[in-house]
Amino acid sequence: DIDCSPSLGSLETGNMNRVREFVLLGLSTRVDIRDVLFAIFLNRYVLTLLENTLIIYLVCSHSELHKPTYFFLGNLSCLEMRYVSVTVPSLLVGLRTGPCHVPFTACMTQLFFFISLICTECTLLASMAYDGYVAICRPLHYPLLMRPQVCLVAKTTCITILFNCGPNVLNHFFCDVSPLLNLSCTHVALTELVDFISAIIIFCGTLLVALASYSAIGVAVLRMPSAAARRKAFSTCASHLVVVGIFYSAALFIYCRPSRIKSTDLNKVLSVVYTVLTPMCDPVIYCLQNREVHAALRKTLH
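Bear in mind that the values here come from a model prediction, so they are computed numbers and not experimental data.

Asks: What's the story with the UniProt feature "transmembrane region" (unreviewed entry) in the protein chain in this structure? I'm lost.
Replies: What UniProt calls "transmembrane region" (unreviewed entry) maps, in this numbering, to residues 36-60, 111-130, 196-222 and 234-255. For the annotated span residues 36-60, helix accounts for 100% and strand for 0% of the residues, and the straight-line distance between the end C-alpha atoms is 37 Å.

Below is the structure:
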């Protein structure tokens, strides 16, 4: 619903009033599959929380994991628990009850935390890539370069001041940038420009750091005399590159475009990839071939 009563300030322009709440249509409007999707995503959400909680516990409780690599891994797990908790609950509510009404302030708050966390994750993934580069390519300098001392809002503001005069229906499962831009009835060129530039700086900047680090790692691995050491290093880096590739591919496709996105169904599918699937898979991929984490887990279980 739209509150059409007069209000103070600049809420009224001509005969149009600012939208006071949004209606989230959710991931799917098909009633026959919503219960199945609800069970699937609830299971994935709980699994993500348990996986990342376990990693945080292992890193904090075992002194052998008090190293920069696991410092980043523990922070990534903590970040992703918050990350999924910003978006997935609204996804679950939409699947359980259907389209839901979200106040304007709550929608902007969700958008603020989502943008903050996704930008932080980009920076953290780049930092983890650089950590791997230092560990493999400059092992003698590792204690110095990766010592603990070393170890967004502008976009949200621009979107908040846009004038939404109706309709107020978001074809999405959370308050994301592109669906909100599609509803604005004012000129959004400045906001789209801010969105595009910030995406280029944050996404592409951190992606270049990650790719440069993994490229240097690849060159260093190829120079290793032992075939077994090369296979181990390549398998570890390949799993990390899968995580980085999936996350950045989906995020860059959605955000690094200076125009409104029209393919809303594809937008929602890609959003599921980096808001649900990536946080669930990251702990498994990063720890799958890590002997120190395996040893700490066995010690905890025994």
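Now that the structure has been shown, the text picks up again.
Asks: Explain helix α1 (residues 31-61) here, please?
Replies: In an α-helix, one turn spans 3.6 residues; hence positions three or four apart end up facing the same way. Over its 31 residues, α1 extends 45 Å from the first C-alpha to the last, a length consistent with the 45 Å expected when each residue adds 1.5 Å. Those residues of α1 not exposed but buried are Arg34, Leu37, Phe38, Phe41, Tyr45, Thr48, Glu51, Asn52, Ile55, Leu58 and Val59.

Asks: What is the right way to look at the side chain of Lys268 in this model?
Replies: Tracing the backbone through its elements, the reader meets Lys268 in helix α9 (residues 264-287). Not counting chain neighbours up to four residues away, the residues in contact with Lys268 comprise Gly26, Leu27, Asn171, His172 and Phe173.

Asks: Mind showing me how you'd approach the side chain of Ser77 here?
Replies: Mapped onto the elements of the fold, Ser77 is located in helix α2 (residues 68-97). Residue classification places Ser77 among the buried positions, given a relative accessible area of 2%.

Asks: Quick question: what am I supposed to make of the packing of aromatic side chains here?
Replies: Aromatic ring pairs: the centre-centre distance and the angle between the two ring planes describe each pair. Inspection of every chain in the model, using the stated rule, returns six aromatic pairs. The rings of Tyr83, Phe114, Phe173 and Phe174 are connected pair by pair, giving a single aromatic cluster. A cation sits over an aromatic face here: Arg96 above Phe38, 5.0 Å from the ring centre.

Asks: Whenever I open this one, the environment of Val84 confuses me. Can you help?
Replies: Residue placement: Val84 occurs in helix α2. Taking the C-alpha atoms as reference points, Val84 and Phe114, separated by 30 residues in sequence, lie 9.2 Å from one another. Not counting residues up to four positions away in its chain, the partners in contact with Val84 are Tyr45, Thr48, Leu49, Pro89, Thr275 and Pro279.

Asks: Any chance you could explain the pattern of salt bridges here in plain terms?
Replies: Pairing is possible between side chains that carry opposite charge, provided their charged atoms lie close to one another. Taken as a whole and judged by the stated rule, the model has two salt bridges. The residue Lys299 makes a salt bridge to Glu64 at a minimum N-O spacing of 3.2 Å. Here Glu292 ties to Lys67 by a salt bridge, and the two come within 2.6 Å at their closest N and O atoms. Taking relative accessible area as the criterion, Lys67 reaches 38% and is therefore assigned partly exposed.

Asks: Sorry if this is basic, but what is going on with a nonpolar patch on the surface here?
Replies: A contiguous nonpolar surface patch, about 250 Å² in accessible area, is contributed by Leu42, Val46 and Leu50. Tracing the backbone through its elements, the reader meets Val46 in helix α1. Given a relative accessible area of 39%, Val46 falls into the partly exposed group.

Asks: Could you clarify how one ought to interpret the state of the cysteines in this entry?
Replies: On inspection of all chains with the given rule, the structure shows one disulfide. No disulfide involves Cys78; its sulfur sits 9.0 Å from the nearest other cysteine sulfur, which is in Cys60. For Cys119, which is in no disulfide, the shortest distance to another cysteine sulfur is to Cys122 and amounts to 6.3 Å.

Asks: Hey, could you run me through the packing of α1 against α2 in this one?
Replies: When two helices pack together, their arrangement is given by the angle between the helix axes and by the axis-to-axis distance. Packing of α1 against α2 brings their axes to within 9 Å, and their N-to-C directions diverge by 160°. Between α1 and α2, the angle falls in the class roughly antiparallel. In this structure, the crossing between α1 and α2 has a hand that is left-handed. A per-class count over the contact of α1 with α2 returns 19 nonpolar, eight polar and four charged.

About the cut-offs
Residues numbered from 1 in each chain as written. Predicted model: local features only at pLDDT ≥ 70, side-chain atom pairs only at ≥ 80, totals over all residues. Heavy atoms only, no water. UniProt positions renumbered as here; feature names shortened; annotations may be inferred. Helix = DSSP H or I, 4+ residues; strand = E, 2+ residues; numbered from the N terminus. Expected span 1.5 Å × (residues − 1). Buried < 20%, exposed > 50% of the residue type's maximum accessible area, 1.4 Å probe, protein only. Contact = heavy atoms within 4.5 Å. Phe/Tyr/Trp six-rings, centres within 6.5 Å; stacked < 30°, edge-to-face > 60°. Lys NZ or Arg CZ within 6 Å of the ring centre and 35° of its normal. Salt bridge = Lys/Arg side-chain N within 4 Å of Asp/Glu carboxyl O. Patch = residues over 30% accessible without salt bridge, like charges linked within 9 Å, V, L, I, M, F, W, Y side chains within 5 Å. Areas by Shrake-Rupley, 256 points an atom, 1.4 Å probe, with all protein chains shown as cover. Disulfide = S-S within 2.5 Å. Axes fitted to C-alpha atoms, helices over the stretch in contact; angles between N-to-C directions. Parallel < 35°, antiparallel > 145°, perpendicular 65-115°, else oblique. Left-handed = near helix turned anticlockwise from the far one by under 90°. Nonpolar A, V, L, I, M, F, W, Y, C, P; charged D, E, K, R; others polar.

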